[in-house]
Amino acid sequence: MRILGFAVAAALFAGMAAPGAAADIDGAKLFKKKCTTCHRLDETGKKKVGPNLWGVVGRPIASAPGFKYSKGLGRHKGKTWTEENLDAWLTKPRAFAKGTRMAFPGFRKAEQRAAVIAYLRSAVE
Ligand code: HEC
C-alpha cells in the first residue's frame, strides 16, 4: 500500500510539474521582485498603490474594500479572478482593462504568469 501511495503521489507530482514547466520559476521570488512595490499579500487587507492580493484567486474582480479602482478594471466587476482571467491580466494589464492604473507591463512568458498565479493561490492555503 505504501509503495502504491508513493507511486500515485509521484505521478501526481510529475503531472503537476510538467505543463508550462512553472516548476523552475520561483513564483514567490518573482512576486517579491515584480509586485510587492505596489501590492501586499497578507490578511491585514491593507493596500499600497494597488489593492491587497490576499485570496485574489477566486475573488470577485475589483472587490477589495476601500480600494478605488479605475473605470477600466471596474468594467469587469461581477466577474471572478479565475486563473484564466489572471493569466490574461498578467499578460498585458492594459489590454485586459483599458485605462487601468496598474503600471505593470505584463509577463511575456506563460511560465512566469503560471508561477506567480500558483504563488498567489498557495500563499493563502
Ligand atoms: C506600479 C504598481 C503595480 C505593480 C508593479 C503591480 N500592480 Fe497589480 N495593481 C496595481 C493597481 C494600481 C491596481 C488597481 C488597478 C485598477 O484599478 O485599474 C492593481 C490591481 C491588481 C489586481 C486586481 C485586484 C483586484 O482586487 O481586482 C491584481 C490581481 C494584480 N494587480 C496583480 C498584480 C501582480 C501579480 C503583480 C506583479 C506581477 C502586480 N499586480 C504588479 C498596481 C501595481
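Structural data are supplied above this passage.
Throughout this description, residue numbers start from 1 for each chain and increase along the sequence as written. Per-residue local features are limited, in this predicted model, to residues with pLDDT of at least 70; the limit for side-chain atom pairs, both in listing and counting, is 80 or more; totals at the level of whole chains, interfaces and linings are taken over all residues.

In this section: the overall build of the protein chain. In terms of regular secondary structure, the protein chain is built from 6 helices and 0 strands. Secondary structure elements of the protein chain occur, N-terminal to C-terminal, as α-α-α-α-α-α. In the protein chain, which comprises 125 residues, the proportion classed as buried is 22%. Pairs at least 24 apart in sequence give 48% of the contacts found in the protein chain among residues at least 6 apart. Starting at the N terminus, helices and strands are each numbered in turn, a helix being any DSSP run of H or I of at least four residues and a strand any DSSP run of E of at least two. In this scheme the burial state of a residue depends on its C-beta neighbours within 10 Å: 20 or more other such atoms mean buried, 12 or fewer mean exposed, and anything in between means partly exposed; the C-beta positions come from the backbone. For the purpose of contact definition, each residue receives a C-beta atom placed from its backbone, and two residues are in contact when these atoms lie within 7 Å.

Only C-alpha atoms enter the line fits that serve as axes; for helices the fit covers just the stretch in contact. Angles between N-to-C directions range over 0 to 180 degrees. With their axes 8 Å apart at the nearest point, helix α2 (residues 27-34) and helix α6 (residues 110-123) run at an angle of 95° to one another. Considered as vectors, α2 and α6 are oriented roughly perpendicular to each other. On α6, the residues touching Gly27, Ala28, Leu30 and Phe31 of α2 are Gln112, Ala115, Val116, Ala118 and Tyr119. Residues of the contact of α2 with α6, tallied by class, amount to 7 nonpolar, 2 polar and no charged. In these notes the angle categories are as follows: under 35 degrees is roughly parallel, over 145 is roughly antiparallel, 65 to 115 is roughly perpendicular, and the rest is oblique. Each residue receives one of three labels: charged for Asp, Glu, Lys and Arg, nonpolar for Ala, Val, Leu, Ile, Met, Phe, Trp, Tyr, Cys and Pro, and polar for the others, Gly being one of them.

So, about the site of the ligand. In the vicinity of the ligand there are 28 residues, among which Cys35, Cys38, Gly50, Ser70 and Thr100 approach most closely. Taken together, the elements giving at least two residues each to the shell around the ligand come down to α3 (71-74) and α4 (83-91). Taken together, the residues of the shell around the ligand break down into 19 nonpolar, 7 polar and 2 charged. We count a residue as near a molecule or strand when its backbone-placed C-beta atom lies within 6 Å of that partner.

Let us now look at unusual backbone geometry. The residue Ala62 is not glycine, and still its phi comes out positive at about 55°. You can see Ala62 is positioned in the loop between α2 and α3. According to the C-beta neighbour criterion, Ala62 is buried, with 20 such atoms within 10 Å.

Glancing now at the environment of Tyr119. With respect to the secondary-structure elements, Tyr119 resides in helix α6. Exposure remark for Tyr119: the 21 C-beta atoms within 10 Å place this residue in the buried category. Placed 91 residues apart in sequence, Tyr119 and Ala28 show a C-alpha to C-alpha distance of 5.9 Å. Those residues in contact with Tyr119, other than ones at most four positions away along the chain, are Gly27, Ala28 and Phe31.

Look at α4 against α6: their axes get within 10 Å of each other, and the N-to-C directions meet at 130°. Taken together, the axes of α4 and α6 lie oblique to each other. Considering the relative orientation of α4 and α6, their crossing is right-handed. Residues Glu83, Leu86, Asp87, Leu90 and Thr91 of α4 pack against Arg113, Val116 and Ile117 of α6. Its residues assigned to classes, the contact of α4 with α6 comprises 4 nonpolar, 1 polar and 3 charged. By convention, the crossing between two helices is left-handed when the near helix turns anticlockwise from the far helix through less than a right angle, and right-handed when the turn is clockwise.

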